[in-house]
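Geometric and topological summary
If you want the building blocks of each chain, they are given just below.
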Amino acid sequence: MRRKSDKDRASSKDRSLSKDKHAKDRPQTPLLQKQIKLGMIMESPPVLFIGSPTQSTGALISGRLQLTPLVSESIIETMIMSLECVTTTKRPVQDRCRECLTNVSDLYEWKFLTKPKVLNQLDGVQEMPFSHMIPGHLPVTTHGHIGSLDYYLHVRARTSDGQEVEFRRDLIIQRALVPGPDKHSIRIFPPTSLQLQVTLPSIVHPLGEFPVECKMTGIVSKKDDTQIRWRLRKLTWRIEEVESMISPACPKHAGKVGGQGKGVQHEQTREVGWEELKQGWKTDFTEGAVEGEFKAFVDAAMKPNCGMDSPNGLKVSHNLIIELVIAEEWSSLRKPGNPTPTGAARVLRTQFALNVTARAGMGLAWDDEMPPSYEDVPDSPPHYKNEHTTIQTYEGDDLHLDVDHLTLGS
Ligand SMILES: [Zn+2]
């Protein structure tokens, strides 16, 4: 699939990340002795946006650049720091092409000097403060399997001998969506009269469990003096992480994808949580309902990402998939306590969108005067795909064994 490039990518610079590497590889001769060393101290807490991209007020960063003179006297002619957004694809349009692999955009630039600055080694380390409000709409730092998004503070200083000295520090940006009321969903499974009601938290975190309340009604159908009913035998839940990325083509390889500014879309789905339950619910055939609550969790060992949607094509989302295996049984209304399995079984499958987001936790130093507000969580766009339910004949072996066993035992 091909898609036109968005404005963000078009405005980014065609610049590789090779400078640091080449600087290190260059043989060090006495004539090329560096005049200064750069360093940085961050004073602000880790960047954590509170609320959705449209609601977050952003986060303030502040710190100090450190200049250590390495020679008795040095002159710095220019010193610039950029806030860089680096997007990397693991599926480049052209193998081993650095420009296809990596895309760098400058989001902000600090110019520290208006005129050359003279440093004297005897004065020791010089510090230059900086601060900036990082806008809250930016997509969060993400390390996916087909793409990644990183931010860096990249400092470049030019000394009077024409040398460029660089320093780069990564800036991790996270987002904590504000919790809202629990989400109630109803799923139906035509042509049966089964109806599944599920209650989920509005947000979940990559670490720790969350409650899922389920109630299924319509499990009994009566006819004359007999009844047919469905017994829940097994519940399986899975959390899948869906990652998609548009790999851009560099100008040199644009021909491979049909022109400049176009790219190739990739998608990958992986499981980041799973469990099979065979008990833990209450069945009430008089009411015709089965209900229970279980704990689901995103498995931290899978290194899950938080949900995000970047205008340059990287997107991560999550679904909770619930699968119910139900077995049919028959009984007469005169002796309802003595059912007979009919041998028929079905698999009901449905899924729900999950908002996986960072914890508001500790990083609140700057934003903690802002009370949480439910308006901060926008209504999700319709996910017709996620409303989908399926019903299939169950063909696994273990359940039939269970059913046979029940028949023999009762
Ligand atoms: Zn290329």
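Here, every reference points to the structure presented above.
Notes on the structure in this doc start here. Quick caveat, the model's predicted, so the values are computed rather than measured.

Right, let's talk about the coordination of the zinc ion for a bit. Bound to the zinc ion on the protein side are Cys97 (SG), Cys100 (SG), Cys250 (SG) and His253 (ND1), at distances that span 2.1 to 2.3 Å. Because the angles between the four donor atoms bound to the zinc ion fall within 101 to 114°, the donor set is best described as tetrahedral. In the primary sequence, the donor residues of the zinc ion line up as C-x2-C-x149-C-x2-H. With Cys97 in the loop between β5 (73–89) and α3 (98–101) and His253 in the loop between β17 (226–248) and β18 (262–277), the pair connects residues that are 156 residues apart, well separated along the chain. By the burial criterion, Cys97 is buried, and His253 matches it.

A separate point is a negative patch on the surface. A surface patch of negative charge is lined by Asp182, Glu213, Asp284 and Glu291. Within the fold, Asp182 resides in the loop between β12 (173–176) and β13 (183–188). By relative accessible area, which is 44% here, Asp182 ends up partly exposed.

This brings us to the pattern of salt bridges. For the coordinates displayed, the defined rule picks out 14 salt bridges. Among the salt bridges present, the one from Lys215 reaches Glu287, with a minimum N-O distance of 3.4 Å. Highlighted residues: Lys215 in strand β15 (residues 209–217) and Glu287 in the loop between β19 (281–284) and β20 (289–297), separated in sequence by 72 residues. The exposure class of Lys215 is partly exposed, given its relative accessible area of 21%. For Glu287, a relative accessible area of 48% gives the class partly exposed. As a salt-bridge pair, Lys234 and Glu276 come within 3.8 Å of each other at their nearest N and O atoms. Here Glu276 lies in strand β18 and Lys234 lies in strand β17, a separation of 42 residues in the sequence. Exposure remark for Glu276: the relative accessible area of 35% places this residue in the partly exposed category. Linked through salt bridges whose partners overlap, the residues forming this network are Glu43, Arg64 and Glu127.

Conventions we followed
Residues numbered from 1 in each chain as written. Predicted model: local features only at pLDDT ≥ 70, side-chain atom pairs only at ≥ 80, totals over all residues. Heavy atoms only, no water. Donors = N, O, S within 2.8 Å, 3.2 Å for Na, K, Ca; no water. Tetrahedral: all angles 85-135°; square planar, octahedral: opposite > 155°, others 65-115°. Helix = DSSP H or I, 4+ residues; strand = E, 2+ residues; numbered from the N terminus. Buried < 20%, exposed > 50% of the residue type's maximum accessible area, 1.4 Å probe, protein only. Patch = residues over 30% accessible without salt bridge, like charges linked within 9 Å, V, L, I, M, F, W, Y side chains within 5 Å. Areas by Shrake-Rupley, 256 points an atom, 1.4 Å probe, with all protein chains shown as cover. Salt bridge = Lys/Arg side-chain N within 4 Å of Asp/Glu carboxyl O. Lys, Arg positive; Asp, Glu negative; His and termini not counted. Charge placed at Lys NZ, Arg CZ, Asp CG, Glu CD.

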